[in-house]
Amino acid sequence: MDAAGAAAARYHDTGLVVLRNAVPPSLLAELRAAAGHAADLARRAAGPQCQRLPNVFATEGLTPDRWRDLLELPTLREHVEALLTPAHRPSRAMALLINPTVEPWLMTWHRDWLHNAEAVDTGEWLDAARNTTMFNQLNAPLYDDASLWIRPGSHNRPSRPDEEAARAAAGGGGGEVHGRPLAALSEICRAMPGGEPVRLSAGDIALYRNSSWHAGLYDHRDRRATLHTWFDGDDDRGWQQRRRSAGKDAKNYASPALN
Ligand SMILES: O=C(O)CCC(=O)C(=O)O
């Protein structure tokens with residue numbers, strides 16, 4: 001089995017694969033410069049606790065070229081085709097996740113489209129979660145980053161009672177917690193059975209299923225600039241279209257919107 005084939009087997013089992021050193025240093029340097037500018041714009045518009053610029057492609061004052069180069073890297077494409085399908089394409093939106101600068105912040109444990117979307121039918125969601133071509137996303141950190149926590153192996157099965165209890169103890173899925181010391185927020189992360197931080201170095205790319213239990217712990221003292229996007233296939237597009245037709249919006253985020 002080749003490396004991409006082995007990664008695909010791991011991905012289908014755990015819902016997570018990290019491509020180490022996937023971004024060439026020259027591109028990383030250019031992306032850092034662009035992200036620094038983007039983070040300034042985001043904080044100016046939304047304040048110092050901002051954690052997310054929702055779409056670098058649709059933000060006035062940012063040019064798209066270098067962001068797209070990341071998505072077309074041959075090693076990334078090869079893995080997307082092996083893990084998902086050759087028809088999978090990057091989403092039209094790419095967020096930039098940044099550190100708040102005043103105090104730590106937590107997006108609590110959740111499963112995307114189940115806990116952060118309105119009126120989702122749980123059975124329909126579980127069928128979609130079992131389809132490994134759906135609900136796939138990417139984190140590409142431009143600086144070392146251990147903010148993402150995940151519960152590997154949870155991506156394609158129902159939630160367990162102890163996982164639901166960890167979510168409830170944190171005040172509900174996908175909500176935000178702040179105004180508390182970092183140690184208290186870390187405790188919420190550690191309370192998820194089997195949950196672990198995904199330790200990424202600058203230039204790594206993590207592909208993971210957002211149907212997994214996951215959380216985002218932001219330490220205001222650590223510089224974060226992490227590109228965050230989705231690879232959508234036909235079934236994702238069908239899901240999104242059905243939601244739009246039913247008048248239900250896409251996912252909701254607690255973080256401030258800029259555009
Ligand atoms: O900050 C992160 O890496 C996690 C973000 C997240 O949980 C989400 O976008 O659903």
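In this text, all values refer to a predicted model and were calculated from it rather than measured experimentally. (Residues numbered from 1 in each chain as written. Predicted model: local features only at pLDDT ≥ 70, side-chain atom pairs only at ≥ 80, totals over all residues.)

J.: Would you take a moment to explain the environment of His-110 for this structure?
T.: As for its placement among the helices and strands, His-110 is situated in strand S4 (residues 105-110). The exposure class assigned to His-110 is buried, which follows from the 22 C-beta atoms found within 10 Å. Sequence separation between His-110 and Gly-216 is 106 residues; the distance between their C-alpha atoms is 9.8 Å. (Helix = DSSP H or I, 4+ residues; strand = E, 2+ residues; numbered from the N terminus. Buried ≥ 20, exposed ≤ 12 C-beta atoms within 10 Å, placed from the backbone.)

J.: It is not clear to me how the nonpolar core should be interpreted in this structure. Could you clarify?
T.: Soluble globular proteins: nonpolar side chains tend toward being buried together. In terms of nonpolar packing, the biggest core is built from 53 residues, with Ala-35, Ala-38, Leu-96, Ile-98, Ile-205, Ala-206 and Leu-207 touching the most fellow members. For this core, the leading source of residues is helix H2 (residues 25-46), giving 6 residues. When residues no more than four places from it in sequence are discounted, the contact partners of Ile-205 are Leu-19, Ala-22, Val-23, Leu-76, Leu-138 and Ala-140. Leu-114, Ala-128, Met-134 and Phe-135 belong to the second-largest nonpolar core, a separate cluster that totals 7 residues. (Core = buried A, V, L, I, M, F, W, Y, C linked by C-beta atoms within 7 Å. Contact = placed C-beta atoms within 7 Å.)

J.: I would appreciate a short explanation of the environment of Thr-14 in the present structure.
T.: Topologically, Thr-14 is positioned in helix H1 (residues 3-14). Using a count of 17 C-beta atoms within 10 Å as the deciding quantity, one classes Thr-14 as partly exposed. The spatial distance from the C-alpha of Thr-14 to the C-alpha of Ala-4 is 15 Å, given a sequence separation of 10 residues. Setting aside residues up to four positions removed in sequence, Thr-14 forms contacts with Pro-152 and Gly-153.

J.: Explanation requested: the sheet that holds strand S11 (residues 225-232) in the structure shown.
T.: Consider a sheet: its strands pair through backbone hydrogen bonds, and that pairing is either parallel or antiparallel. Read across the open sheet, the 6 strands follow the order S1-S9-S5-S11-S3-S2; overall the sheet is antiparallel. Whereas interior strands pair on both sides, the edge strands pair on one side only; in this sheet they are strand S1 (16-19) and strand S2 (52-53). Note that strand S3 (residues 89-98) and S11 share 7 bridges and pair antiparallel. Considered in S11, the bridge of Leu-96 is made with Leu-227. (Pairing = 2+ DSSP bridges.)

J.: Would you mind going over the packing of H1 against helix H4 (residues 74-83) with me for this structure?
T.: Working note: a packed helix pair is described by the angle between its axes plus the distance between those axes. Across the interface, H1 lies against H4 with an axial gap of 9 Å and an inter-helix angle of 55°. Taken together, the axes of H1 and H4 lie oblique to each other. Every pair of crossing elements has a handedness; the one defined by H1 and H4 is right-handed. Every residue of H4 that contacts H1 at Ala-4, Gly-5, Ala-7, Ala-8 and Tyr-11 is listed here: Glu-78, His-79, Ala-82 and Leu-83. A class-by-class count of the residues in the contact of H1 with H4 yields 6 nonpolar, 2 polar and 1 charged. (Axes fitted to C-alpha atoms, helices over the stretch in contact; angles between N-to-C directions. Parallel < 35°, antiparallel > 145°, perpendicular 65-115°, else oblique. Left-handed = near helix turned anticlockwise from the far one by under 90°. Nonpolar A, V, L, I, M, F, W, Y, C, P; charged D, E, K, R; others polar.)

J.: It is not clear to me how the site of the ligand should be interpreted in this structure. Could you clarify?
T.: Near the ligand the following residues occur: Leu-97, Met-107, Asp-112, Asn-139, Ser-147, Leu-148, Asn-210, His-214 and Gly-216. Classifying every residue of the shell around the ligand gives 3 nonpolar, 5 polar and 1 charged. (Near = placed C-beta within 6 Å.)

J.: Would you explain the confidence of the model for the protein in this entry?
T.: Low pLDDT means the predicted coordinates in that region are not meant to be read closely. When the pLDDT values of the protein are averaged, the result is 91; 94% of them are 70 or greater. This model gives residues 254-259 a pLDDT under 50, and the stretch forms 18 contacts once residues within four places in sequence are excluded. (pLDDT = per-residue confidence, 0-100.)

J.: Is there a simple way to explain the pairing of strand S10 (residues 214-218) in this structure?
T.: A regular strand carries its side chains on alternate faces of the sheet. In terms of burial, S10 is a largely internal element, 5 of the 5 residues being buried. Of the two faces of S10, both are covered, the one formed by His-214, Gly-216 and Tyr-218 as well as the one formed by Ala-215 and Leu-217. Where S4 lies against S10, 4 bridges are found, and the strand directions are antiparallel. Directly across from Met-107, in S10, lies its bridge partner Gly-216. Across 3 bridges, strand S6 (residues 148-150) lies against S10 in antiparallel orientation. Residue pairing for S10: Ile-150 is matched across the bridge by His-214.

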